[in-house]
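# Inside the fold
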Amino acid sequence: MRIAALAFRILAMIVLQVALVAIGISAEVQQVRSPVSPQESLAHFVVPSGLKVELAAHEPNVIDPIAVRFDELSRMWVVEMRDYPAGIPGQKGGSRISVLEDADNDGFYETATVFAEGLPFATGLQPWKGGVFVTMAGRVAYMKDTTGDGKADVNETWYTGFAEGNTQLRANHPTLALDNHIYIANGLRGGTIANATRPNDKPISISGMDFRFDPFTGKCDAVSGAGQFGLAFDDYCNRFVCSNRNPAIHIVLEDRYLKQNPLVAVDAVAHDVAKAGDESRVFPITRAWTTSNLHAGQFTAACGLKIYRGDALPSEFYGNIFVCEPTGHLVHREIMKPHGVTFTSHSPHEGAEFLASRDAWFSPVNLETGPDGALYVVDMYRAVIEHPEWMPEELRKRPDLLWGNDLGRIYRVVPQGFRRPRPPRLSDMSSEALADMLAEPNAWWRETAARILLERQDKPVGRKLATMVAEHRSPRARIHALRLLEGLKLISKDVLLTALQDEDARVVEQAILAIESSAAGAELRLYSASNVCVHPDARVRFQARLTTQQNPHVWPIDRWERYAMLIAAGDRGGTVLARVLKSSSFRAERLPEPDRLVAELARLAAASPKESQRTIALEAILDQPAYQQPGLTAFLAEAAKRGQSVDALSKSLGENHKRELDFAFKSAKRAATDTGEPESARCEAVDLIAFSDDATQILESLALNDPAQMVRVHAIAALGRSDDIRPWRALLASFSGETPALQRAILDGIFDRSQRITLLLDEIAAKRIASTALDASRITLLMNHRDGAIRERAKTLLADAVPTDRRQALAEYQAALVLTADPSRGRVVFQKQCANCHHIAGIGVDVAPDISDSRERSTEQLLTDIIQPNRAIDSNYFSYTAVAADGRAHTGILTAETSTSVTLKQAEGKTLTLRRAEIEELKSDGVSLMPDGLEKLISPQDMADLISFIKNWRYLGEQAPPPLPQGSQRTERPPGED
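Figured I'd write up the structure that's included with this text. (Residues numbered from 1 in each chain as written. Predicted model: local features only at pLDDT ≥ 70, side-chain atom pairs only at ≥ 80, totals over all residues. Heavy atoms only, no water.)

### Comments concerning helix α24 (residues 740-750)
- Residues of α24 that are buried: Leu742, Ala745, Ile746, Leu747, Gly749 and Ile750.
- Buried residues in α24 make contact with α22 (709-719), α23 (726-733), α25 (754-765) and α26 (776-783). (Buried < 20%, exposed > 50% of the residue type's maximum accessible area, 1.4 Å probe, protein only. Helix = DSSP H or I, 4+ residues; strand = E, 2+ residues; numbered from the N terminus. Contact = heavy atoms within 4.5 Å.)

Printed below as a string of structure tokens:
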């Protein structure tokens, strides 16, 4: 067995060497014969000058650690996921929680007590009242030792229903925030949460959302999100999460504000602070291997996000983002700066990382700030950190998947010459002394002191806290005191008024938030509306709009302030739009995207249930020629969704405004048909005349004959709004001779109305249009159409396009695997059949899963995936169908959802955001966006060429890698071998 294992490692390293050279990573990187002892591991770290790495704990005291927290006695609580990745045979749960102590204060935690064991896939903990809240498979529990033996004898279930799929995608990181709630990252798989503490409460869906709860009352709710494995706060309760490819995501817009105005649909609630995906860069000093070749040198497993707020590292590190990248064996650093309502960041280490190891088993997964102010790094220390679910089938039983499952390390990063302070025992302090801790430079002290004060509910300390809000020199102390008064139910109007007038913008922001739970909230909202809503700080203005539901004469500087303005407008969109358009300061200032602001306010006004608001908006738009085009188009598009015609809307207008409306349409018709106008202006004009009742003839002429393709595309889309069937006969008659872009535009319009689909089926039946003109997703839509007559006719006409037996289809195409293939010809097949949803070598768009990295995928696998696309698909890529109230069906991948809207990503990279109120039915189709039947559009020879292109594209032309250097291979030992 040892010889076989060693041979496997030799072969793996040879393959790895070829791959690394192919993606441009130097073969000269110094290598380490992993595994190494905990002490030896220190020699392989590289950190910035002046810093060093120390060991805080290691095996056997900790094994497979994934999270660390410190309690008020300075003890280190460690979550050990010993059952990673797929459980321990014969055991229901293999995770445990250990409590480590450093009795001699030398920095090494030499004593370990097992607090709880037999837990299924534990992911995190939050200290609370002498015990801990724990996230684990499917539930959140509260555990406590009440007997003094160090072992949990209380195990109370608080919440259940969290998704239990892949063990890397579970609810995690329970964290007590400044607002006195405990937040939990979703894990990306959601769930429907039942509250065991309040069994009569309705279960809560956290699909696409994170979760929080009140540790006193048990009341819980879904909050904007969602994070994968990581959750962190800055000093001001800004929440940050991460996902594999997104190292730092700021949650900007909370869902509770969206619920205030269901008329508003937003396409995002979060912002990537750090560069993400293809734009991200990491610099490993090992021969780092990533599952996807396109992810090499990028974030591919970002996790354990932390905003460092300790005091051990030099001051320039305070407030920086740190995030783990276990695939690259490194910890990345970003300097974060405010940018409008949110933040931006950059890496200060040119071509390097904050912390990196030459040891390829170093697998950092989490970070924590300790009582000593140091940055702690949690290292699972394994040969392979990747979950088998993401590997090709033949690699899932590799012997090295479990190498290191008896190891684990925890390090700290400190300055050279660091003098460790005496560990505190905050639980022994009086409430008055704890209040003084709220000004400490190390956030661990501030937050732990605040937690204990919150737990104690010691009302007399409220007097001191109120004095601190008014007089303390530290803004952080003033903020903690303010939010603690809120948590203690002691906050008063006078305290809030003092804070609202604070010289520090962050204190003002927290005071606005505290108003939401204040008994004097209504009165203070009015004060805020006339004062802090016009504050020079963008984040204060943003929060003031959301909290007070007021819109002052301060114009939004970015999309987040714009969203806040829309939400605050409520059903008064017409009034707000009129005020904006009539303001000389709005017209004079150089605001970013003023047309978009006008369009979004116009849509909001048109959606208002109040006719007066619609009339006010329409008149205001007509009074301002500079913004007439975007305002009218957006207003009429929204009105059309609600069955309101231009004639009906114009009845509420005065004679002057009716003339203005007529003139606007005449001007648009003139511009649309004037080939001397810029193409963009003509397209905008076409978009407007789509709502004119007498524009069909002009639009048909443009759609059929205009020399500008984009004008034709817009004209076809405009015709789609009309029920007139005549233009579609002409468009289908010309279909075969049109470009692919125009064919797609025609089909988009055809599929908007059942009557048009009948025309299309007539053309296919008459063989004037080939069934192969329909892509597989459209064929599937027809086969499952809600109209029974269309559905049955499609099944008859298109029977050859979708075989009923996938196994038979796969057997029929086995011949493609033995044909002589040409990847260059395969490029053409890919461009024609796959590029609408897939991207390889600069061709196509990223909608569906990445298929470009195929070094580990056999030709048999690729053929199977093409013929049977639903055999194994990540549920993040399931196709969803949204049926609108007007009967139109929209299909795509669900990329974002809130309580008020959903966003679908569709073929060709298109996105569509719909308000939930517009949607009659939203369902997961349970299948890939690429349905069964694609092979009917591809001959066996074309299939062979296509597979060859997918397998070998990186070896074509300039993509070809340089030859492997001579003498570059080496061997490694498996664990325990010398």
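So, next bit.
### Examining the pattern of salt bridges
- The full count for this structure, using the stated rule, is 59 salt bridges.
- Put simply, lysine 259 and aspartate 255 hold a salt bridge, and the shortest N to O gap is 3.8 Å.
- A salt bridge links lysine 658 to glutamate 655, with the shortest nitrogen-to-oxygen separation between them at 3.9 Å. Residue lysine 658 and its partner glutamate 655 are located together in helix α19 (residues 655-673), separated by three residues, close to a single helical turn.
- Lysine 658 sits in the partly exposed class, given a relative accessible area of 27%.
- Here the salt bridges do not stand alone but share partners, grouping Lys52, Glu54, Asp372, Arg412 and Arg420 into one network. (Salt bridge = Lys/Arg side-chain N within 4 Å of Asp/Glu carboxyl O.)

### Here we look at empty space enclosed by the protein
- In this structure the tally under the stated criterion is three cavities of 30 Å³ or more.
- Taken as a whole, the largest cavity holds about 680 Å³ of empty space.
- What lines the largest cavity is a set of 40 residues, and nearest its centre among them are Arg69, Gln126, Thr175, Leu176 and Glu447.
- Of all the secondary-structure elements, those providing two or more residues to the lining of the largest cavity are β3 (65-70), β7 (124-128), β11 (172-176), β17 (231-233), β21 (303-307), β26 (364-369), α5 (443-456) and α7 (475-487).
- Broken down by element, the lining of the largest cavity gets its largest block of residues, seven residues, from α5.
- Of the residues in the lining of the largest cavity, the class split is 21 nonpolar, 10 polar and nine charged. (1 Å grid on protein atoms, 1.4 Å probe; cavity = no way out; pocket = protein on both sides within 12 Å on 5 of 7 lines; lining within 4 Å. Points joined across faces, edges and corners; volume = space filled by probe spheres on them. Nonpolar A, V, L, I, M, F, W, Y, C, P; charged D, E, K, R; others polar.)

### Remarks on helix α17 (residues 628-641)
- For α17, built from 14 residues, the straight-helix expectation of 20 Å at 1.5 Å per residue is met to within 8% by its first-to-last C-alpha distance of 20 Å.
- Most of α17 sits out of view: 11 of its 14 residues are buried.
- Listing the buried residues of α17 in full gives Gln628, Pro630, Gly631, Leu632, Thr633, Ala634, Phe635, Leu636, Ala637, Glu638 and Ala639.
- Tucked inside the fold, the buried residues of α17 contact α15 (594-607), α16 (611-622), α18 (646-650), α19, α20 (679-689) and β34 (911-915).
- Directly beyond the C-terminal end of α17, a positive phi value near 75 degrees is found at glycine 643. (Expected span 1.5 Å × (residues − 1).)

### Some thoughts on unusual backbone geometry
- Here serine 34 and proline 35 are connected by a cis peptide whose omega angle stands at 0 degrees.
- Take proline 35: it is sitting in the loop between α1 (2-22) and α2 (38-41).
- Between glutamate 59 and the following residue, proline 60, the backbone shows a cis peptide bond with an omega angle of 5 degrees.
- For proline 60, the location among the structural elements is in the loop between β2 (51-58) and β3.
- In this structure, lysine 129 is a non-glycine residue whose phi angle is positive, near 50 degrees.
- Looking at where lysine 129 falls in the secondary structure, it is placed in the loop between β7 and β8 (131-136).
- A relative accessible area of 37% means that lysine 129 is categorised as partly exposed.

### A word on the state of the cysteines
- Inspection of the entire model under this criterion finds zero disulfides.
- No disulfide involves cysteine 834; its sulfur sits 9.3 Å from that of cysteine 837, the nearest cysteine. (Disulfide = S-S within 2.5 Å.)

### Focus on the environment of glycine 218
- For glycine 218, the location among the structural elements is in the loop between β15 (209-213) and β16 (220-224).
- We classify glycine 218 as buried; its relative accessible area is 0%.
- Separated by 23 residues in sequence, glycine 218 and asparagine 195 place their C-alpha atoms 7.7 Å apart.
- Apart from residues no more than four positions distant in its own chain, glycine 218 is found in contact with Trp158, Tyr159, Asn195, Thr197 and Arg198.

### Examining the pairing of strand β13 (residues 191-195)
- The sheet contact formed by strand β10 (residues 154-162) and β13 spans three bridges and is antiparallel. Each bridged residue has a counterpart across the sheet, and for phenylalanine 162 the counterpart in β13 is glycine 191.
- Pairing of β13 with strand β14 (residues 204-205), which is carried by two bridges, proceeds in the antiparallel orientation. Bridged to isoleucine 193 within β14 is isoleucine 204. (Pairing = 2+ DSSP bridges.)

### Regarding the packing of aromatic side chains
- A complete count under the given rule lists 27 aromatic pairs for this structure.
- Judged by centre distance (6.2 Å) and plane angle (55 degrees), the ring pair of phenylalanine 70 and tyrosine 109 falls under tilted. Taken together, the residues span a long stretch of sequence, with phenylalanine 70 in strand β3 and tyrosine 109 in the loop between β5 (95-101) and β6 (111-119) at a distance of 39 residues.
- On the basis of relative accessible area, tyrosine 109 is assigned to the buried category, the value being 6%.
- Relative to phenylalanine 322, the ring of tyrosine 308 lies with its centre 6.2 Å away and its plane at 85 degrees, an arrangement referred to as edge-to-face. You can see tyrosine 308 sitting in the loop between β21 and β22 (321-325) and its partner phenylalanine 322 sitting in strand β22, a full 14 residues away along the chain.
- On the basis of relative accessibility, which here comes to 0%, the residue tyrosine 308 falls in the buried class.
- Taken together through their ring pairs, the aromatic side chains of Phe133, Tyr142, Trp158, Tyr159, Phe162, Phe211 and Phe213 make up a single cluster.
- Positioned above the aromatic ring of tyrosine 381, the side-chain terminus of arginine 409 is 3.7 Å from the ring centre. (Phe/Tyr/Trp six-rings, centres within 6.5 Å; stacked < 30°, edge-to-face > 60°. Lys NZ or Arg CZ within 6 Å of the ring centre and 35° of its normal.)

### Section: the nonpolar core
- Ranked by internal contacts, the top residues of the largest apolar core, which has 129 residues, are Met76, Phe354 and Leu465.
- Setting aside its immediate chain neighbours within four residues, methionine 76 contacts Ala56, Val68, Arg69, Phe70, Ser98, Val99, Leu100, Tyr109, Tyr376 and Ile410. (Core = buried A, V, L, I, M, F, W, Y, C linked by side-chain atoms within 4.5 Å.)

### Examining the side chain of threonine 633
- Relative to the helices and strands, threonine 633 is located in helix α17.
- Among the residues examined, threonine 633 registers a relative accessible area of 18% and is labelled buried.
- Separated by 2.9 Å, the side chain of threonine 633 and the backbone oxygen of glutamine 629 make a polar contact.
- Those residues within four positions of threonine 633 in sequence are excluded, and the remaining contacts are Gln628, Glu684, Asp687, Leu688 and Phe691. (Polar contact = N/O pair within 3.5 Å; in protein donor to acceptor, adjacent residues only side chain to side chain.)

### Digging into the side chain of arginine 245
- Topologically, arginine 245 is positioned in the loop between β18 (239-243) and β19 (246-251).
- Within polar-contact distance, the side chain of arginine 245 engages the side chain of glutamine 298 at 2.9 Å.
- Polar contacts involving the side chain of arginine 245 include one to the main-chain carbonyl oxygen of phenylalanine 299, which spans 2.7 Å.
- Those residues in contact with arginine 245 that sit more than four places away from it in its chain are Ala276, Gly277, Asp278, His295, Gln298, Phe299 and Thr300.

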